Amino acid sequence: MEKRLRMRCSGCGHWNRVPVNKVLVEQDSPEPKVKVFIPMYLPLQVSKCEKCGEVIAQPKELIKIVKSGSVKS
Ligand SMILES: [Zn+2]
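Predicted model, so just to flag it, every value in this text is computed and none were measured.

## A closer look at the overall build of the protein
Right, so step 1: Secondary structure assignment for the protein yields zero helices and seven strands.
Right, so step 2: In the protein, the order of α-helices and β-strands from amino to carboxyl end is β-β-β-β-β-β-β.
Right, so step 3: Split into buried and exposed, the 73 residues of the protein put 23% on the buried side.
Right, so step 4: At a minimum sequence separation of 6, the contacts of the protein that also span at least 24 residues come to 33%.

## Some remarks on the coordination of the zinc ion
Right, so step 1: Binding of the zinc ion to the protein goes through Cys 9 (SG), Cys 12 (SG), Cys 49 (SG) and Cys 52 (SG), at separations of 2.3 to 2.4 Å.
Right, so step 2: Considering all four donor atoms around the zinc ion, the spread of angles at the metal, 104 to 115°, places the coordination shape in the tetrahedral class.
Right, so step 3: Within one chain, the residues donating to the zinc ion are spaced in sequence as C-x2-C-x36-C-x2-C. Of this pair, Cys 12 sits in the loop between β1 (2-8) and β2 (15-27) while Cys 52 sits in the loop between β4 (47-48) and β5 (55-57), placing them 40 residues apart in sequence.

## What to know about the nonpolar core
Right, so step 1: Ranked by size, the top nonpolar core spans 10 residues in total: Leu 5, Met 7, Cys 9, Val 18, Val 20, Tyr 41, Cys 49, Ile 56, Ala 57 and Ile 63.
Right, so step 2: Broken down by secondary-structure element, the contributors of at least two residues to this core are β1, β2 and β5.

## Re the packing of aromatic side chains
Right, so step 1: For the structure shown, the criterion picks out zero aromatic pairs.
Right, so step 2: If you follow Arg 6 out to its NZ or CZ, it ends over the ring of Trp 15, 4.6 Å from the centre.

## With respect to the environment of Phe 37
Right, so step 1: Within the secondary structure, Phe 37 sits in strand β3 (residues 36-43).
Right, so step 2: Spatially, the C-alpha atom of Phe 37 lies 9.4 Å from that of Val 23, the residues being 14 residues apart in sequence.
Right, so step 3: Excluding anything up to four places from it in sequence, Phe 37 contacts Leu 24, Val 25 and Glu 26.

## Some thoughts on the pairing of β1
Right, so step 1: Across seven bridges, the pairing between β1 and β2 is antiparallel. When the bridges of β2 are listed, Arg 4 appears paired with Pro 19.
Right, so step 2: Where β1 hands over to β2, the hairpin turn is made up of six residues, of which Gly 13 adopts a positive phi near 85°.

Rules used throughout
Residues numbered from 1 in each chain as written. Predicted model: local features only at pLDDT ≥ 70, side-chain atom pairs only at ≥ 80, totals over all residues. Heavy atoms only, no water. Helix = DSSP H or I, 4+ residues; strand = E, 2+ residues; numbered from the N terminus. Buried < 20%, exposed > 50% of the residue type's maximum accessible area, 1.4 Å probe, protein only. Contact = heavy atoms within 4.5 Å. Donors = N, O, S within 2.8 Å, 3.2 Å for Na, K, Ca; no water. Tetrahedral: all angles 85-135°; square planar, octahedral: opposite > 155°, others 65-115°. Core = buried A, V, L, I, M, F, W, Y, C linked by side-chain atoms within 4.5 Å. Phe/Tyr/Trp six-rings, centres within 6.5 Å; stacked < 30°, edge-to-face > 60°. Lys NZ or Arg CZ within 6 Å of the ring centre and 35° of its normal. Pairing = 2+ DSSP bridges.

Here is the structure:
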């Protein structure tokens, strides 16, 4: 599931489009029989801000999906 995620540069505030894969990450849950998966985004390549060149996403950093946008884990 490849898509483009809008990410805001922390350096200059410019919005960039980052190619990502949506992945499900298993998380511990209080109930042992219940498996909890949280959706996260995995950047496909090192992405730099178009404006200032700062690295805003890289493949080893999963991006957690939150309602108000996205936050680096
Ligand atoms: Zn920037």
